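# Understanding the architecture of this molecule
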Amino acid sequence: MDKRNCNYSLYLVTDRGLLGEKDLAKTVEQAIQGGVTVVQVREKNLSSAEFYQVALVIKGATEKYGVPLIVNDRVDIALAVDAAGLHIGQEDLPVVVARKLLGPDKIIGVSAATLAEALLAQDQGADYLGIGAVFPTNTKDDADSVSLAELEAIKAKVKIPIVAIGGINGSNIRDVMNTGVDGVAVVSAIVAAADPKAAACKLYQLTKE
């Protein structure tokens, strides 16, 4: 896949803690069937061996549908499963170092909460930005707050795609898309849903309205 053609419209971030009795791989596959365009596997509390196995299983689902798999934080796991890319935060490896390790063809996304962080990531070679949290979220308790006005201002200043994240669901997704962002990242609105495919389908339709 040419990373320049990546569709960030509906970006799913995994969280096994929200699955309930559901299977992770099946949930991801159902979400893709519903319209998810990118999947990020995020595992903060697993060993390297366990994370590798989870990433492999999810890659099986993403490859089946030609959807890019992004690995959160761990460049070694991204390399080990030959993921489409890596997503890093402000406390992770610098973009330039990640790029040296991954090469020019992999997607590198960076979390940012300010215009300065966004511009720096862009200058260092990030392919897209994850901006948030735009609404309160239980999945990341240390996330900085970014207002919709700030989100719109960042979008106006940067040239690379922006994905908004943080507490986004069916009731507020249109407000987020109206800022001009390229997509939205969701966690609980899909992962915790009883019917992930239907939830993803509804959200995807809302990104297009």
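Further up the page is the structure itself.
The following refers to the structure shown. Per chain, residue numbering runs from 1 following the sequence as it is written. Where local features are concerned, this predicted model is filtered to residues with pLDDT of at least 70; where side-chain atom pairs are given and counted, the filter is 80 or more; whole-chain, interface and lining totals use all residues. Side-chain numbers come from the whole structure's heavy atoms, not from hydrogens or water.

## Remarks on the packing of aromatic side chains
Any two of the Phe, Tyr and Trp rings considered here, Trp counted by its six-membered ring, make a pair once their centres fall within 6.5 Å; the pair's planes then place it as stacked at under 30 degrees, edge-to-face at over 60, or tilted in between. Summed over all chains, the structure comprises two aromatic pairs. By way of ring pairs, the aromatic residues Tyr 8, Tyr 11 and Tyr 128 are connected into one cluster.

## Overview of the pairing of strand E7 (residues 162-165)
In this scheme, strands are said to pair when DSSP sees at least two bridges between them. Under the scheme used here, helices are H or I runs from DSSP no shorter than 4 residues and strands are E runs no shorter than 2 residues, and both carry numbers assigned from the N terminus. With four bridges connecting them, strand E6 (residues 128-132) and E7 associate as parallel partners. In the strand pairing of E7, Ile 131 is matched with Ala 164. In the sheet, E7 pairs with strand E8 (residues 183-186) via three bridges, with the strands oriented parallel. Bridging across to E8, Val 163 finds its partner in Gly 183.

## Some points on the layout of surface pockets
Here a cavity denotes grid points, spaced 1 Å and computed from the protein atoms alone, that fit a 1.4 Å probe unable to get out, and a pocket denotes an open set having protein on both sides within 12 Å along at least 5 of 7 lines; residues with an atom within 4 Å of a point are the lining. Grid points are joined across faces, edges and corners, and a volume is the space filled by probe spheres set on the points. Approximately 270 Å³ is the volume found for the second largest pocket. For the second largest pocket, the lining is made up of 15 residues, of which Met 1, Pro 68, Asp 82, Ala 83 and Ala 84 are closest to its centre. The biggest single contributor to the lining of the second largest pocket is helix H2 (residues 48-65), with three residues.

## A short note on the sheet that holds E6
Strand order around the closed barrel formed by eight strands is E1-E2-E3-E4-E5-E6-E7-E8, with parallel pairing between neighbours. Here the average twist between neighbouring strands, direction ignored, is 25°. Whether two residues are in contact is decided by their heavy atoms, any of which lying within 4.5 Å being enough. Axes here refer to lines fitted to C-alpha atoms; in helices the fit is confined to the stretch in contact. Angles between the N-to-C directions go from 0 to 180 degrees. Across the sheet, helix H4 (residues 95-102) is in contact with strand E4 (85-88) and strand E5 (107-112); its angle to E5 comes to roughly 160°.

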